[in-house]
Amino acid sequence: MDLVGHQGSRLPAHGRGVRVVAVVAAALTGFGGAAAVDALVGPPTVPVAEGFGPGDGLTRYVVTAAAGDATPEFVAGLDQQDGVDSAQRLFDGTALVAVDGPTLPQLRALPGVAAVELSPSVPVFGTASDPYYAPYAWHLENTGSNAYGQSPVVADADIDGSVGWDASTGAGLIVAVVDTGFDSDHPDLAGSLWTNPAESCGSVDVDGNGLAGDCHGWNFTTNSPDVDNGAGGGHGTSVAGVIGARKDNGVGSAGVAPDVTLMPLVIGSGEGVDVNLGAQAIRYAADHGAAVVNASWGGPVTGSALDNLRAAVAYAEARGVLVVAAAGNDAADRDTSLVYPASLTEPNVVTVGNSTAADTVAASSAYGATSVDLFAPGELVVTTSNNGDYQLVSGTSIAAPQVAAALALHRATMPTATIAELRAALLADVDPIAAFTGKSVTGGRLNVSRLDPGAASVGYQFTSMTAPTGPATPRVRTTGPELAGTYEMVLGLGMEHGGEVWALSGEPVTVAGTTLTTDDAGQVTVPLGTLTTVEGLELAPSADLAPGRYALSAQLLVDGQPFGGTFAAPLLVGDTSAPAPDGGTTPGTDPSTTDPGTTDPDTTDPDTSEPGTTNPGTTDPGTGGSTPGTTDPGTTDPGTSDPGTTDPGTTDPGTTDPGTTDPGTTDPGTTDPGTTDPGTTEPGTTDPGTTDPGTSGPGTSDPGTTDPGTTGPGTTDPGTTDPAPGDSTPPPSVVTYPEVGPFGLTSISPAVVSTAGGTRVTVTGTNVPDGARVRIGDTREATVVSSDSTSVVFTAPELVAGVYDVFVFGPSGTESSVLADGLTYVEDPAGGGTTPGTDDGSTPDSGSTPGTGGGSSVVTAVGPNGERLVRSAAFGRLGSSFWSLDCSTSCRGVLL
């Protein structure tokens, strides 16, 4: 891919003289550009860039394994071939090899190789006291005389950068620079480099992501931790400086977000990048906490590479990450001349053109009334170079990172905003310019002067966030402006269980001698009285907690209204060195033990098993041979003691069926609830969700479903869910299907969800692809929590009431399976016909009031020590990267 062309000149370090040189940057696939400088008079000279270093001279191919998936052994075999520089697995199960010897036919002839194709490369398209700020930083503040080498110049044709700094400088936000490299020794980038809190530098893969030593990012080009990338990293270094060069440090100039954190992800060298590696890097950024991804490159990509790129951008969208793309330097109309990622239409993509110091479209810039969102300054902009100096650079490559930085500022000032709201705010704040009308969606140029500083000015510092088992006393301190009013602090406590963070309900929390009890949101509200400032408030809540991983959140209220966003930080109690698998268990079920205090009489070894635990070496006869300790996603009843099986015949948790023990326990004299005992069904009734007594047995259908071809209580004719008009039968919680499509989809649970969204839904299948994507109806992408070969778990998006198809896509988006009428959205799932005892169907433990038949919409689970856990939309958003946040000394937390 072209690095969306830098044209520019390089500045020496302050005080060193350098002659000015004329430069013509490579125009690869229209993303290059040219800029010439004849003389430089006055301040220290900054030369125009002469390109961005050499490429690596390697050719890259995508290799498909005959077995279908590029296993570690397959990749290692490729890596050992003569002439192969590196080999790595891509997220779609193929492998990418970089070669300087083997040809395509030679690769195709290797054992175990099914197909080989070329991987496409595209070209790389406040006030400050810093010495180059005043004479060169016209893009931040255009005085009419500081736009070097441009004529005419219009004063104030800029982004009002110094005004934006009054609202935020981007502290605490991460911008991923997906490009060619970085300069970790550059004095103007000191302190900007991202550090992976879950990985130390070295040769050990501590965080288990397969990238050993990715302590500051990753070089996907060389498959190594070297994020600088030597002489090939010039373009990326220039982009990084535009975003986050430090201000007021006595050197150079300043970035648009001078306190932002930069995550360098290398996908090429010199003036070209690899599209498939770009897709890999975007996914990495989304998984490791980036708020924004900058992509200053692009080209006319097609086929699987485009599919992978689009899937990666959709993956980022599902995780709240925006992607900024340079429009290109070929002066073409992007409405009709498509290049990617600029021409992607995903809602988290912002495409940027290049403007001059006279507020005109730069001669080389692409444009598009419907395809280019806005313009930003991009002619002879001062920025960092990868030799420790500075240079003047032109192109949409330099315009795009200004928008990426601006989005980081917007995120800082709008911490609770959705992607759509952030994007809308950015585009609404442009300065309308006549020259850009009909050339862009907004008809405007970037401006950051209208940011609201309110939310950004409230900060939290979390300390004492590790504790031994027993009383934990973390501390929360606030920073912020003067503001008179009645203050309260809402503290929230969440607990990780089964790969999900739940609200911890009913937990006593003591603050300043007063003990409060958390509600079902896991919250207590602490009154602070009448105050005049946010600054310096400090609380030290104390709670007696069992060993585990917890989330502590804080939200300030002033006069009863939220002030700023809710932030959370990890609270680690006891030995947390072995984190629980992410998404590995069904809510309410401990994968290795039964529900505390109960014993499964069918699986307990009388000689060795402690009451209340499952002997891992035995098999429950009612499971059909499944191994205890495993979980069938979406089918385990948290109230039963047999992990991995479905409870087809228990009553609604929270109620008691006369003649049975308390729900959630097993009467040692009765049959395991996970099996169907013909003859034990109450006379005259059919246990909903079970087969007709006498029909279930070895070789028959799984207990909990009817005999194939029949329909019984609690099930649906496979593939259908929509009751006939006027039918009072409630929609089922679990719907089974006869192996639909290429992924062999077999069930969805729950099948009924709230229109408010947030319900965790599981789709099972026989061949679910790794990295699966889910769409509800024709337009709404769902957030995928986890996926493996047998299931994909996602969070249902907000939608109006109705019945929707559920689409499951492979990571490339070219293959899919569809569950027709798979999800029913209702206004009140508790009263809208869910299966008794399941509420919204997301877990069989509803926490309903006894005798109500499951009328509560609260979804609960039992923690490993008997804790009451309540599913929380807020805490549920915290992913695995949350636990990598290092708060052992202090931290600011993350937006919840």
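These lines cover the structure that appears in this document, whether it is placed above or below. (Residues numbered from 1 in each chain as written. Predicted model: local features only at pLDDT ≥ 70, side-chain atom pairs only at ≥ 80, totals over all residues. Heavy atoms only, no water.)

### Side note on the overall build of the protein
- Looking only at helices and strands, one finds 10 helices and 50 strands in the protein.
- Counting only residues that meet the buried cut, the protein has 57% of its 896 residues in that class.
- For the protein, the accessible surface area stands at approximately 32,500 Å², while carbon and sulfur atoms represent 52% of it. (Helix = DSSP H or I, 4+ residues; strand = E, 2+ residues; numbered from the N terminus. Buried < 20%, exposed > 50% of the residue type's maximum accessible area, 1.4 Å probe, protein only. Areas by Shrake-Rupley, 256 points an atom, 1.4 Å probe, with all protein chains shown as cover.)

### Some words on the environment of Thr783
- Topologically, Thr783 is positioned in strand β43 (residues 780-788).
- For the pair Thr783 and Tyr315, spaced 468 residues apart in the sequence, the C-alpha separation amounts to 8.2 Å.
- Setting aside residues up to four positions removed in sequence, Thr783 forms contacts with Ala318, Val793, Phe794 and Thr795.
- Within the structure, the side chain of Thr783 is placed 3.3 Å from the backbone oxygen of Ala318, a separation counted as a polar contact. (Contact = heavy atoms within 4.5 Å. Polar contact = N/O pair within 3.5 Å; in protein donor to acceptor, adjacent residues only side chain to side chain.)

### As for the packing of helix α8 (residues 396-413) against helix α9 (residues 419-428)
- Packing of α8 against α9 leaves a shortest axis separation of 10 Å and a crossing angle of 115°. For α8 against α9, the interelement crossing comes out right-handed. Seen from α8, the contacting residues are Val403, Ala406, Leu407, His410 and Arg411; seen from α9, they are Leu422, Ala425 and Leu426.
- Across the contact of α8 with α9, the residue classes tally to 6 nonpolar, 1 polar and 1 charged. (Axes fitted to C-alpha atoms, helices over the stretch in contact; angles between N-to-C directions. Left-handed = near helix turned anticlockwise from the far one by under 90°. Nonpolar A, V, L, I, M, F, W, Y, C, P; charged D, E, K, R; others polar.)

### Quick look at unusual backbone geometry
- At the junction of Ser151 and Pro152, the peptide bond is cis and its omega measures out at 0° in the coordinates.
- Structurally, the position occupied by Pro152 is in the loop between α3 (133-136) and α4 (161-167).
- A cis amide bond links Ser749 to the next residue, Pro750, at an omega of -5°.
- Assignment of secondary structure puts Pro750 in the loop between β39 (745-749) and β40 (752-754).
- Positive phi values are uncommon outside glycine, yet Ser464 reaches one of about 55°.
- Of note in the backbone geometry, Asp559 takes a positive phi value of approximately 55° without being a glycine.
- In this structure, Asp559 sits in the loop between β36 (548-558) and β37 (561-573).

### Looking at the sheet that holds strand β49 (residues 890-891)
- Pairing is antiparallel in the open sheet, where 4 strands are placed in the order β34-β28-β25-β49. A strand with exactly one partner marks an edge of an open sheet, and here the two such strands are β34 (538-539) and β49. (Pairing = 2+ DSSP bridges.)

### Here's the deal with the layout of surface pockets
- Put simply, the second largest pocket is a space of about 470 Å³.
- If you trace the second largest pocket, you find 24 residues lining it, with Gly68, Asp92, Pro769, Pro811 and Glu815 closest to the centre.
- Sorting the residues of the lining of the second largest pocket by element identifies β6 (59-65), β9 (113-118) and α7 (303-318) as the ones contributing at least two each.
- Here the residues of the lining of the second largest pocket sort into 8 nonpolar, 10 polar and 6 charged. (1 Å grid on protein atoms, 1.4 Å probe; cavity = no way out; pocket = protein on both sides within 12 Å on 5 of 7 lines; lining within 4 Å. Points joined across faces, edges and corners; volume = space filled by probe spheres on them.)

### A look at the environment of Asn386
- Among the structural elements, Asn386 can be located in the loop between β21 (381-384) and β22 (390-394).
- Residue class for Asn386 comes out partly exposed when judged on its relative accessible area of 27%.
- What Asn386 contacts, discounting residues up to four positions off in sequence, is Asp183, Gly230, Ala231, Gly233, Gly234 and Thr237.
- Among the polar contacts listed, one links the side chain of Asn386 to the backbone oxygen of Gly230, at a separation of 3.2 Å.

### Looking at the state of the cysteines
- Summed over all chains, the structure comprises 2 disulfides.
- Note that Cys201 is cross-linked by a disulfide to Cys215, the S-S spacing being 2.0 Å. Because the torsion about its S-S bond is 90°, the bridge between Cys201 and Cys215 counts as right-handed. Linking Cys201 in the loop between β11 (174-179) and β12 (218-219) with Cys215 in the loop between β11 and β12, this pair joins segments that are 14 residues apart in sequence.
- With relative accessibility at 52%, the residue Cys201 sits in the exposed group.
- Disulfide pairing is shown between Cys887 and Cys891; the S-S distance is 1.9 Å. Looking along the S-S bond of the Cys887-Cys891 disulfide, the torsion reads about 90°, which is the right-handed sense.
- For Cys891, a relative accessible area of 9% gives the class buried.
- Ordinal numbering of bonded cysteines along the protein defines a disulfide pattern of 1-2, 3-4. (Disulfide = S-S within 2.5 Å.)

### Overview of α8
- Taking 1.5 Å of rise per residue, 18 residues should cover 26 Å, and α8 covers 26 Å from first to last C-alpha, within 8% of that figure.
- In terms of residue burial, α8 counts as a mostly covered element, since 18 of its 18 residues are buried. (Expected span 1.5 Å × (residues − 1).)

### Description of the side chain of Thr384
- Turning to its location among the elements, Thr384 is positioned in strand β21.
- A distance of 2.8 Å separates a polar atom in the side chain of Thr384 from the backbone oxygen of Thr237.
- Thr384 has contacts with His186, Asp188, Leu189, Thr237, Ser238, Gly241, Asp389, Tyr390 and Gln391, leaving out every residue within four places of it along the chain.

### Focus: the environment of Glu781
- Within the element layout of this structure, Glu781 appears in strand β43.
- Residue Glu781 is classed as partly exposed on the basis of its relative accessible area of 22%.
- C-alpha separation for the pair Glu781 and Ala796, spaced 15 residues apart in sequence, amounts to 8.8 Å.
- Among all residues touching Glu781, those that are not within four sequence positions of it are Ala314, Arg773, Val774, Arg775 and Pro797.

### Some points on the pattern of salt bridges
- Following the criterion strictly, the structure yields 17 salt bridges and no others.
- A salt bridge links Arg450 to Asp431; its shortest N-O distance comes to 2.7 Å. Of this pair, Arg450 sits in the loop between β24 (444-445) and α10 (453-456) while Asp431 sits in strand β23 (residues 431-432), placing them 19 residues apart in sequence.
- Asp431 gets classed as buried once you look at its relative accessible area, which sits at 12%.
- Between Glu538 and Arg475 there is a salt bridge; the shortest N-O distance is 3.2 Å. Placement of Glu538 in strand β34 and of Arg475 in strand β28 (residues 475-479) is noted, with a sequence separation of 63 residues between them. (Salt bridge = Lys/Arg side-chain N within 4 Å of Asp/Glu carboxyl O.)

### Digging into the nonpolar core
- The biggest cluster of nonpolar side chains holds 55 residues, and the ones touching the most others in it are Val324, Val352, Val403 and Leu446.
- Counting residues per element, this core draws most heavily on α8, which supplies 10 residues.
- Setting aside residues up to four positions removed in sequence, Val324 forms contacts with Val292, Val293, Asn294, Ala295, Val350, Val352, Ala400, Val403, Ala404 and Leu407. (Core = buried A, V, L, I, M, F, W, Y, C linked by side-chain atoms within 4.5 Å.)

### Considering the packing of aromatic side chains
- Applying the stated criterion across every chain, the model contains 9 aromatic pairs.
- Between the aromatic rings of Phe220 and Tyr284, the centroid separation amounts to 6.1 Å while the plane-to-plane angle is 80°, which identifies the pairing as edge-to-face. Separated by 64 residues along the polypeptide, Phe220 in the loop between β12 and α5 (234-244) and Tyr284 in helix α6 (residues 275-287) bring together distant segments of the chain.
- By relative accessible area, which is 5% here, Tyr284 ends up buried.
- With a centroid separation of 5.3 Å and 80° between ring planes, the pair formed by Tyr804 and Tyr825 is classed as edge-to-face. Taken together, the residues Tyr804 in strand β45 (residues 802-809) and Tyr825 in strand β46 (residues 816-826) connect sequence positions 21 residues apart.
- On the basis of relative accessible area, Tyr804 is assigned to the buried category, the value being 16%.
- Three or more aromatic residues link up through ring pairs in this structure, and these residues are Trp194, Phe220 and Tyr284.
- The aromatic ring of Tyr367 is capped on one face by Lys439, whose charged end is 4.2 Å from the ring centroid. (Phe/Tyr/Trp six-rings, centres within 6.5 Å; stacked < 30°, edge-to-face > 60°. Lys NZ or Arg CZ within 6 Å of the ring centre and 35° of its normal.)

### Focus on the sheet that holds β45
- Read from one edge to the other, the open sheet built from 9 strands follows the order β38-β39-β41-β44-β43-β42-β45-β46-β40, with strand pairing classed as mixed. The sheet terminates laterally at β38 (735-740) and β40, the two strands that pair on one side only. Direction aside, the axes of adjacent strands within the sheet are offset by 30° on average.

### Here's the deal with the side chain of Ser747
- Tracing the sequence through the fold places Ser747 in strand β39.
- Residue classification places Ser747 among the buried residues on the basis of a relative accessible area of 9%.
- Not counting the four nearest positions on each side in its chain, Ser747 is found in contact with Val735, Thr736, Tyr737, Thr762, Val763, Thr764 and Leu819.

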